[in-house]
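# Structure at a glance
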Amino acid sequence: MLRHNLHVNPCTSVSLFRVLLSLSIGFAGIGIGGTALAQQPHGWVSNGHISAYTLAPGEFELSGTLMRVNDTLDVLNLREDMLAGTSRLSADSGDLDGTRGELRVGVWTGLELFYRRQTQDMTLKLAADSRVDISGLDEKLQTTGDSYGARWVFFQSATRNPNTPWTSAALELTATKNKSDDFGGMLESINFSPTVNVRLDPPQRFDMNRLKDDGWNAKVIYSHGLGDSLALSYWAGYGKLDSSSGTSTEIEQAAISNAFLQTFDISEDLVYAGINLNWQGIQRLPIQIGYEYINIRDRQQQIVSSNSTLVPSFLRGSNLSNSATANHTLYGSASWWLTPHLYAGISGKVFKNQFVGILPHYNNPLSARFSETPYGYIEFSLGFKFNPGL
């Protein structure tokens, strides 16, 4: 049985947070000591938005975001369409309940660091399987993700008016790491044939496990103004992601245990291209819309799968090689500056192929079945931005 584990070991999120904190404190003195030069147009919201601008030295932006999909908050009825297209899901499958925190710190002229942490619970209530009786089956795929990196401006206009956009070019480097909790339940009985049923006493646990991914990407970004209130940004990039998933059971009987033992290790090379607009025609109301294309140029797989009828159909991984290899993402947001330092915002995101190229370990036997299904969610944000030198 061939097994191959793919792993990238970036520094931990805790260590990065400490670095960000110490740098923000250390470089804050740059802004305090004199008048800070603007590194982005006045009234700009940085978090959740790609551009070639950075925060000024000592400046920071901290935001918290709620992510939601349910009966009421269903972007373009995509959740409803997903349920209508399959008999495997039931009830409120497709619901999403998530949070994201983001910290961005200017550490030098034209250089900023950032850190994001996101948690999300996606509801997946599965219909009954005629081959097995299952109790206590999990109903949510619970995922935690961390990303961190730096943005460096290597070119910008010699003269800059902080009230209007200017020409700027930057390089952004990002490392990502995501992990989901095991998803499983208790096997109570297995139907070997219409007349042969074996009951397990006590019931035995089975899991979809090893749900994680990590990787990196680099993007070159170019921004310029289109008048006094409109900025246009373009970017292109390359990245690499490694992901894993698998299944196993506590049952010690060799035939059943071996049937449940599956491993899926995938390595992907990706290219990115995108464009967005930032419009501030109304004072204190920045509006942003954007598009990004993600293409998986090379997908290498090490798969050990089972076609045994002993394994519930939603755990069989024979379909992973046929998963989508591209994604189109759209987003739009509107923010309102409640005070010079505090803003509230609402945004929406839509994906052509769910989380393809975004959460690669979702290419697992359970969620890969919906990888070519459009998906989207609503976000509600509250952010704080402060420059001690202004």
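Structure first, text after, so check above.
Reference entry: report on the structure contained in this document. Quick caveat: nothing in here was measured; it's all calculated off a predicted structure.

## Comments concerning the side chain of D146
Along the chain, D146 turns up in strand β5 (residues 140–156). A distance of 2.7 Å separates polar atoms of two side chains, one belonging to D146 and the other to Y115.

## Some words on the pairing of strand β14 (residues 375–386)
Within a regular beta strand, the side chains point alternately toward one face of the sheet and then the other, so they alternate between its two faces. Both strand β1 (residues 60–69) and β14 contribute to a ladder of 9 bridges, which runs antiparallel. Looking at the pairing, M67 lines up with E379 of β14.

## Brief notes about empty space enclosed by the protein
Taken as a whole and assessed by the stated rule, the structure comprises 3 cavities of 30 Å³ or more. Approximately 1000 Å³ is the volume attributed to the largest cavity. As for the largest cavity, its lining consists of 42 residues, and the residues nearest its centre are R116, K219, E292, K349 and I358. Top contributing element to the lining of the largest cavity by residue count: β5, with 6 residues. Taken as a whole, the second largest cavity encloses approximately 230 Å³ of empty space. Along the wall of the second largest cavity there are 21 residues; nearest its centre are N47, G48, S347, E379 and S381.

## Some points on the layout of surface pockets
What the largest pocket holds in volume is close to 750 Å³. Along the walls of the largest pocket sit 31 residues, with P41, H42, G43, W44 and P162 positioned nearest its centre. Every element with two or more residues in the lining of the largest pocket is listed here: β9 (230–249), β10 (262–282) and β14. Broken down by element, the lining of the largest pocket gets its largest block of residues, 3 residues, from β10. Looking at the lining of the largest pocket residue by residue, the classes come out as 14 nonpolar, 13 polar and 4 charged.

What counts as what
Residues numbered from 1 in each chain as written. Predicted model: local features only at pLDDT ≥ 70, side-chain atom pairs only at ≥ 80, totals over all residues. Heavy atoms only, no water. Helix = DSSP H or I, 4+ residues; strand = E, 2+ residues; numbered from the N terminus. Polar contact = N/O pair within 3.5 Å; in protein donor to acceptor, adjacent residues only side chain to side chain. Pairing = 2+ DSSP bridges. 1 Å grid on protein atoms, 1.4 Å probe; cavity = no way out; pocket = protein on both sides within 12 Å on 5 of 7 lines; lining within 4 Å. Points joined across faces, edges and corners; volume = space filled by probe spheres on them. Nonpolar A, V, L, I, M, F, W, Y, C, P; charged D, E, K, R; others polar.

Taken by themselves, the reported measurements are silent on function.
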